[in-house]
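Residue-level structural notes
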Amino acid sequence: MDDLQTQAARLREQLNRAAWRYYTLDDPDIPDAEYDRLLRQLQALEAQHPELRAPDSPTLRVGGQILDGFAPVRHRVPMLSIRTETDTTPAGAENFEQQVRNYLASEQRRTQLKPDDERHRAQPLGDQALAVLGGQPLRFVAEPKFDGLAMSLRYERGVLVQAATRGDGETGEDVTQNIRTVRQIPLRLQNAPSLDVPDVLEVRGELYMRRDHFDALNQTQRAKMAAGDKTAKIFANPRNAAAGSVRQLDPRIAAQRPLSFFAYGLGEITPPQAGGPRLASHWQILQALKAWGFPVSDLARPCQGAAELIAFHASVAARRDSLPFDIDGVVYKVDSLALQTELGFVTREPRWAVAHKYPPQEELTTVLAIDIQVGRTGKLTPVAKLAPVLVGGVTVTNATLHNELEARRKDVRVGDAVTVRRAGDVIPEIILVQKDKRPSEAPEFSMPLHCPVCGSDVVREEGEADHRCTGGLFCSAQRKQAMLHFASRRAMDIEGLGEKLVDQLVDSGAVKTLPDLYRLSVAALAALDRMAQKSAQNLCDALEKSKQTTLPRFLYALGIRHVGESTAKELARHFGALPAIMGAQPAQAASVEQLEQVPDVGATVAQSIHTFFQQAHNREVVEQLLACGVRWPDAPAAAGALLPLAGKTLVLTGTLPTLTRDEAKDRLEAAGAKVAGSVSKKTSYVVAGAEAGSKLEKAQALGVPVLDEAGMLALLAGKAP
Ligand code: IVH
């Protein structure tokens with residue numbers, strides 16, 4: 001029995017460690033299959049010997065019994081809220097610093113009163129407060145204000161025993177079962193060197209859902225609804241999705257919801273008998289939380305004085321849209337715990353913390369019309385035209401309704417008051433319709449039977465949610481979209497060929513096919529409305545420049561259905577040259593079976609590529625483009641291993657002095673390297689430019705070699721750095 005117990009404990013330890021490496025550090029050290037094998041082993045063991053089940057067993061991650069409600073939990077240390085600084089200009093940070101100083105000064109005055117005066121302060125001010133009053137700069141920690149929900153996680157002797165929502169700050173709800181399914185939350189604290197595990201440790205932090213996970217969840221929910229599942233619902237935003245998921249009574253459902261967590265503070269903490277960690281500052285708390293195995297945002301920064309807080313506010317604002325999760329502001333916290341105690345609270349809000357909000361990502365507006373847009377592949381998309389409204393600092397006038405099913409589900413009608421959400425780089429969405437305020441005449445939305453642009457029949461294929469115009473390149477909308485895609489930055493990169501110009505070129509009949517673009521003369525261009533000689537010349541130069549391209553860009557630019565950038569790269573890598581894909585004759589083009597040999601190319605994609613090159617008009621377009629002088633250097637087919645950077649993974653960060661991010665990426669990939677978005681132990685090099693941020697820090701922490709642009713160019717030239 002003892003043996004089995006040790007075995008189970010060892011498995012738990014191995015699995016929990018692997019989950020921490022995978023979910024929190026993003027740096028797995030065992031293959032997924034090994035994890036699954038160990039988990040099955042533990043599951044089998046626990047099934048045979050239920051007495052071996054432990055509260056930190058990763059088998060609990062899949063969800064337990066269905067509940068009939070959540071028990072109340074009284075927080076032993078109340079969960080406070082944060083005061084919001086109303087001056088949302090960066091200068092609001094100065095107000096905060098001033099308020100902290102003013103309060104300390106008023107406390108100092110109270111120490112100077114006579115002891116019998118009731119305003120007298122019993123305790124003299126501590127050294128740190130005195131130093132600050134003496135002119136020493138105030139130290140803060142600045143963090144993002146995560147837009148999720150606050151949680152309190154209680155660990156006793158290192159094991160997660162209870163998880164509770166914030167509730168009203170005094171009493172929350174027991175959601176332990178559901179929280180155990182969150183892979184980023186440790187079931188047992190990591191043993192951190194020089195940091196004993198406290199007897200009791202309450203960790204405070206934010207439960208949230210990443211934007212990509214949120215989109216994927218809603219997509220699944222939509223598919224369920226389309227299949228007739230009445231219980232499926234769409235979530236308005238990641239916060240609602242996270243809140244809905246953690247309050248799921250069926251933990252198996254909660255287990256399938258992709259939740260994440262950031263730790264940012266402590267509740268109760270009881271040091272172990274042996275004496276515990278001595279944490280003197282908030283920054284040290286964050287480091288300790290990291291060491292115990294919690295995800296801590298790498299955006300958090302120690303800051304000195306209001307000026308650095310202001311810089312933090314601006315730099316996070318600039319990155320807000322590109323973060324993988326929603327934030328609604330930043331939080332500034334006085335770093336010293338001694339000072340925090342000195343500063344205390346007013347009602348439920350500490351004087352040592354303040355939130356500085358960003359403009360909201362959701363706003364109210366009205367629907368002016370519902371238009372139909374025709375895409376590159378003929379897909380019809382209903383788009384709500386909105387009364388212009390500022391959302392998160394950007395004016396929004398359009399919101400996609402995706403397709404007929406979605407438009408009807410949302411039941412958006414002209415004249416409706418709606419809430420739009422714009423978060424990150426995604427297209428704005430209508431998330432709420434105020435149906436009670438609806439003007440009664442508005443009819444329900446339905447798709448037109450004919451293409452609003454070319455009048456061709458509209459069809460909806462069996463099993464598909466999308467309607468399509470059957471006009472093909474006869475439809476000027478499809479031609480325009482195909483052209484815009486061809487010219488786009490990651491395709492042929494024709495600078496200056498934007499929407500307005502494409503409209504003019506197509507509407508005037510000057511350009512009918514893609515090769516026609518390369519037949520434009522300066523004179524023909526200058527004859528267009530609002531086109532000066534100089535801009536006509538610039539466009540001709542840009543067209544000329546775009547002819548020198550790469551095979552992946554060219555394949556992507558053709559706009560073959562289902563061929564995105566990465567498929568285009570794989571095709572180029574696999575076949576090496578265009579004739580191997582397209583053949584001299586249609587009969588010699590790569591077969592569906594051959595295409596399926598390409599990594600990540602399945603039956604649908606292979607079929608689509610094959611069909612594309614069977615059609616005479618597509619072959620004609622390709623041949624004419626080549627005749628116009630479009631060209632690229634051929635890479636040896638699948639000779640990846642021969643390329644100088646084959647097998648190397650690089651990460652780019654910051655601004656390089658001469659190359660743009662895309663140019664650097666293209667060059668590295670052409671040399672066989674993989675360019676990744678985040679740094680791990682497996683990263684070969686990090687290329688850092690000006691204002692490199694957390695990726696550079698992570699590289700240094702992991703000992704990954706760091707290059708500047710010159711170093712990267714040397715590497716490309718085959719010289720070891
Ligand atoms: S600290 C005394 N830090 O904001 C401070 N809270 O109004 C206690 N929040 O419900 C909280 N990001 O869920 C803190 N970096 C952060 C935060 C944060 C988001 C939320 C938290 C709480 C609310 C406070």
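What counts, and at which threshold
Residue positions within a chain follow its written sequence, with the count starting from 1. Totals for whole chains, interfaces and linings use every residue, but because this is a predicted model, local features are given only for residues with pLDDT of at least 70 and side-chain atom pairs only at 80 or more, for both listing and counting. Only heavy atoms go into the side-chain values, all of them from the structure, while hydrogens and water stay out. Under the DSSP-based scheme used, a helix requires at least four consecutive residues in state H or I and a strand at least two consecutive residues in state E, with every element numbered from the N terminus. Each residue gets one of three labels from its accessible area relative to the maximum for its type: buried under 20%, exposed over 50%, partly exposed in between, using a 1.4 Å probe on protein chains only. In this description, contact between two residues means that some pair of their heavy atoms is separated by no more than 4.5 Å. All accessibility values rest on the Shrake-Rupley procedure with a 1.4 Å probe; residue burial counts only the protein chains present in the view. Residues belong to a common nonpolar core when they are buried Ala, Val, Leu, Ile, Met, Phe, Trp, Tyr or Cys residues joined through side-chain atoms within 4.5 Å. For this description, a residue counts as near a given molecule or strand if any of its non-hydrogen atoms is within 4 Å of it. Contacts described as polar in this section are N or O atom pairs within 3.5 Å, which, within protein, must combine one atom able to donate a hydrogen with one able to accept it, while residues neighboring in sequence count only if both atoms come from side chains. Orientation is described by axes fitted as lines to C-alpha atoms, over the contacting stretch for helices, and by angles from 0 to 180 degrees between their N-to-C directions. Throughout, the term roughly parallel applies to angles under 35 degrees, roughly antiparallel to angles over 145, roughly perpendicular to angles from 65 to 115, and oblique to all others. Definitions for this section: a left-handed crossing has its near helix turned counterclockwise from the far helix by less than a right angle. A right-handed crossing has that turn clockwise. Note on residue classes: Ala, Val, Leu, Ile, Met, Phe, Trp, Tyr, Cys and Pro are nonpolar, Asp, Glu, Lys and Arg are charged, and everything else, Gly too, is polar. By definition, two strands form a pair when at least two bridges between them are found by DSSP. Expected helix span is given by 1.5 Å per residue-to-residue step, counting one fewer step than there are residues. In this description, the arc belongs to the directions extending from the helix axis to the C-beta atoms.

For the rest of this paragraph, the subject is the overall build of the chain. A tally of regular secondary structure across the chain gives 26 helices and 24 strands. Taken over 721 residues, the chain has a buried fraction of 48%. Contacts in the chain between residues far apart in sequence, at least 24 positions, make up 68% of those at least 6 positions apart. Total accessible area computed for the chain in this model is approximately 34800 Å², and 52% of it derives from carbon and sulfur atoms.

With that settled, the discussion passes to the nonpolar core. For soluble globular proteins, the rule of thumb is that nonpolar side chains tend to be buried together. In this structure, Ile494 and Phe613 are the most contacted members of the largest nonpolar core, which totals 57 residues. Residues within four places of Phe613 in sequence aside, it is in contact with Leu558, Ile560, Ile581, Met582, Pro586, Ala589, Arg619 and Val622. Membership of the second largest hydrophobic core comes to 38 residues, among which are Leu153, Ile179, Phe235 and Ala300.

Attention now goes to the site of the ligand. Taken together, 15 residues lie around the ligand, and Ile82, Glu143, Glu206, Tyr264 and Lys333 are the ones closest in. Contacts to the ligand include Pro144, whose backbone N or O atom sits 3.1 Å from a nitrogen atom. Contributions of two or more residues to the shell around the ligand are made by β3 (139-146) and β10 (327-334). Ranked by the residues each element gives to the shell around the ligand, the list is headed by β3, at four residues.

What follows covers the packing of helix α24 (residues 661-670) against helix α26 (residues 709-716). For any two helices packed against each other, the geometry is given by the interaxial angle and the distance between the axes. Taken N-terminus to C-terminus, the directions of α24 and α26 make an angle of 25°; their axes are 10 Å apart at the nearest point. Our classification of the angle between α24 and α26 gives roughly parallel. In the packing of α24 onto α26, the handedness of the crossing is left-handed. Residues Ala664, Arg667 and Leu668 of α24 form the contact with α26, whose participating residues are Met712, Leu713 and Leu716. Taken together, the residues of the contact of α24 with α26 break down into five nonpolar, no polar and one charged.

Next up on the list: the sheet that holds strand β24 (residues 706-707). Think of a sheet as strands paired side by side through backbone hydrogen bonds, with each pair either parallel or antiparallel. Ordered in space as β22-β21-β23-β24, the four strands form an open sheet in which the pairing is parallel. The open sheet is flanked by β22 (674-676) and β24, the only strands paired with a single partner. Sheet strands in contact with α24 are β21 (649-653) and β22, and its direction is about 170° off that of β21.

Moving on, we get to the pairing of β3. Among the eight residues that make up β3, seven are buried, leaving the element largely enclosed by the rest of the structure. Across four bridges, the pairing between β3 and strand β9 (residues 301-304) is antiparallel. Bridge pairing links Val141 to Pro302 in β9. As paired elements, β3 and β10 share seven bridges and run antiparallel to each other. Bridge pairing in β10 places Phe140 opposite Val334.

Between its first and last C-alpha, helix α2 (residues 32-48) extends 25 Å over 17 residues, near the 24 Å set by a 1.5 Å rise per residue. Taken together, the buried positions of α2 are Tyr35, Leu38, Leu39, Leu42, Leu45 and Glu46. Buried residues in α2, looked at end-on, bunch into an arc of 125°, giving them a common side. Turned more than 90 degrees away from the buried face of α2, the exposed residues are Ala33, Arg40, Ala47 and Gln48.

It is worth spelling out the sheet that holds β10 at this point. An order of β2-β13-β10-β3-β9 is seen for the five strands of this open sheet, with the pairing classed as mixed. Edge positions in the open sheet fall to β2 (83-84) and β9, since each of these has one partner strand only. The sheet strands contacting helix α9 (residues 282-291) are β3, β9 and β10, and the helix crosses β3 at an angle near 50°. Contacting β3, β9, β10 and β13 (353-357), helix α10 (residues 305-319) crosses the sheet at an angle of about 140° to β9.

What follows deals with unusual backbone geometry. A positive phi angle, close to 55°, is found at Asp493, a residue other than glycine. With respect to the helices and strands, the residue Asp493 is situated in the loop between α13 (476-487) and α14 (499-507). A positive phi angle, near 55°, is found at Arg530, a position not held by glycine. The topology assignment puts Arg530 in the loop between α16 (522-526) and α17 (533-546). Judged by its relative accessible area of 74%, Arg530 is exposed.

On to the side chain of Thr400, then. Position of Thr400 among the secondary structure elements: in strand β16 (residues 394-400). The residues touching Thr400, leaving out its near neighbours within four places in the chain, are Thr381, Pro382, Ile427, Pro428 and Glu429.

Further remarks concern the environment of Thr549. Take Thr549: it is sitting in the loop between α17 and α18 (551-557). Judged by its relative accessible area of 7%, Thr549 falls in the buried class. In sequence terms Thr549 and Arg631 are 82 residues apart; their C-alpha atoms lie 6.1 Å from each other. If sequence neighbours within four positions are ignored, Thr549 has contacts with Met492, Phe554, Val630, Arg631, Trp632 and Pro633.

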